[in-house]
Amino acid sequence: MSYSRIIGTGGYLPEKILSNEDLERMVDTSDQWILERTGIRTRHLASENQGTCDLAEKAAVLALTAAGIAASELDLIIVATTTPDRIFPSTACLLQARLGNHGAIAFDVQAVCSGFIYALSIADKFIKTGTVRHALVIGAETFSRLLDWTDRNTCVLFGDGAGAVVLKASEEPGILSTHLHADGSYKDMLTVPATVEQGRLKGDGFVKMHGHDVFKFAVKSLDRIVKEILATNQLDENAIDWLIPHQANIRIIKATAKRLKLPMEKVVVTVSEHGNTSAASVPLALDVAVRDGRIQRDHTLLLEAVGGGFTWGAVLVKY
Ligand code: UT7
């Protein structure tokens, strides 16, 4: 049976930057509060004429170039997003047309901040069964469009971006194991409780979050999932070269690292630069550490995320 190997990564952050100082002029907050409670300094915002597919395309082209394959060679395109350009077709189909690929399987995955982990796991299963040889897996979001810019509880936390990986079927390991969970009974803890009906938005179209409860849930579920993945693979924390966590809050990241007894030098942290980019955050962090040379071939990577749903998951990778 084949493994899925990561053969290329890419990341894209829109040019427009919103700093904590900018936010001080918009809501009752401070650079000090945001930095101390979240670790975020800046977030990037898509321009008015940029959609999620535009961000996804930039990350995809970089990942395909790094992988050295053409878009026509892709058999599968999955876009993890909570902020698709259209209700339908999927952002994956829109992206497929942009890339000039015809005939590959293409669909979106909606698991909010865990979306990339879900998508990576699904792509791995397609490759393992021999259906797919090359897959493009993307996390892309224009999450800023869901924010109420008068709500300091949420607007300081999120940003826009996209990250991508190209996977290839290989006899060499690759993705070692994937673990996914969800519990819909937490549906109201983090939500945009709206839909489109009769051509109009029905309900509240802004992000609603019980931040403190999300924080506690995130720390607990991430602790459980990283222990689960290590136990399944009969490994201890010393086997992990790099933890690549969902970039939502530096305190959540530090709590996970501490419970894993991993020094922060082994954790890839990009949250300060782009805030919580939802499904884009894990592949963005992965791309940064691949491109700056920290992640090397044969390193063992632990990717994890938690998000609305609630959903949570982890992937163990021999890079
Ligand atoms: O992928 C999952 C996505 N979501 C998350 O990861 C969010 C997880 N939660 C968190 O990151 C944290 O809970 C927050 C950063 C959102 C908040 O930190 P906290 O330490 O849990 O603070 P808190 O909610 O307990 O609020 C403390 C105080 C409150 O004031 P009072 O009631 O103590 O007077 C808030 O009103 O901080 C206040 N506050 C703010 N103050 C300045 C809330 N937002 C802000 C703000 N600036 N932006």
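Look a little higher up for the structure.
Remember, it's a predicted structure, so these values are computed and weren't measured experimentally. (Residues numbered from 1 in each chain as written. Predicted model: local features only at pLDDT ≥ 70, side-chain atom pairs only at ≥ 80, totals over all residues. Heavy atoms only, no water.)

Right, let's talk about the nonpolar core for a bit. Among the nonpolar cores identified, the biggest contains 44 residues, and Val207, Leu260, Leu302, Val306 and Phe310 are the most heavily contacted of them. Where this core is concerned, the elements lending two or more residues are α7 (211–232), α8 (250–259), β14 (300–307) and β15 (311–318). Considering every element that reaches this core, the biggest residue donor is α7, with 10 residues. Summarising the domain contributions, this core has at least three residues from each of domain 1 (3–172) and domain 2 (176–318). Apart from the residues lying within four places of it in its own chain, the contact partners of Leu302 are Val226, Ile229, Ile240, Trp242, Leu243, Ile244, Leu260, Ala314, Val315 and Leu316. Of all hydrophobic cores here, the second largest spans 36 residues; its members include Ala123, Leu167, Ala289 and Val317. (Core = buried A, V, L, I, M, F, W, Y, C linked by side-chain atoms within 4.5 Å. Buried < 20%, exposed > 50% of the residue type's maximum accessible area, 1.4 Å probe, protein only. Helix = DSSP H or I, 4+ residues; strand = E, 2+ residues; numbered from the N terminus. Domains from an automatic or database assignment. Contact = heavy atoms within 4.5 Å.)

Time to look at unusual backbone geometry. Following Phe88, the chain continues into Pro89 via a peptide bond in cis, with omega recorded as -5°. Note the cis peptide between Gly309 and Phe310, where omega equals -5°. Summarising the element assignment, Phe310 is placed in the loop between β14 and β15. A positive phi angle, close to 50°, is found at Gln198, a residue other than glycine. Positioned with a positive phi, Asp298 is a non-glycine residue whose angle comes to about 80°. Looking at the element boundaries, Asp298 is found in the loop between α10 (281–291) and β14. Owing to a relative accessible area of 53%, Asp298 belongs among the exposed residues under this scheme.

Take it as geometry only, folks, not as evidence of what the structure does.
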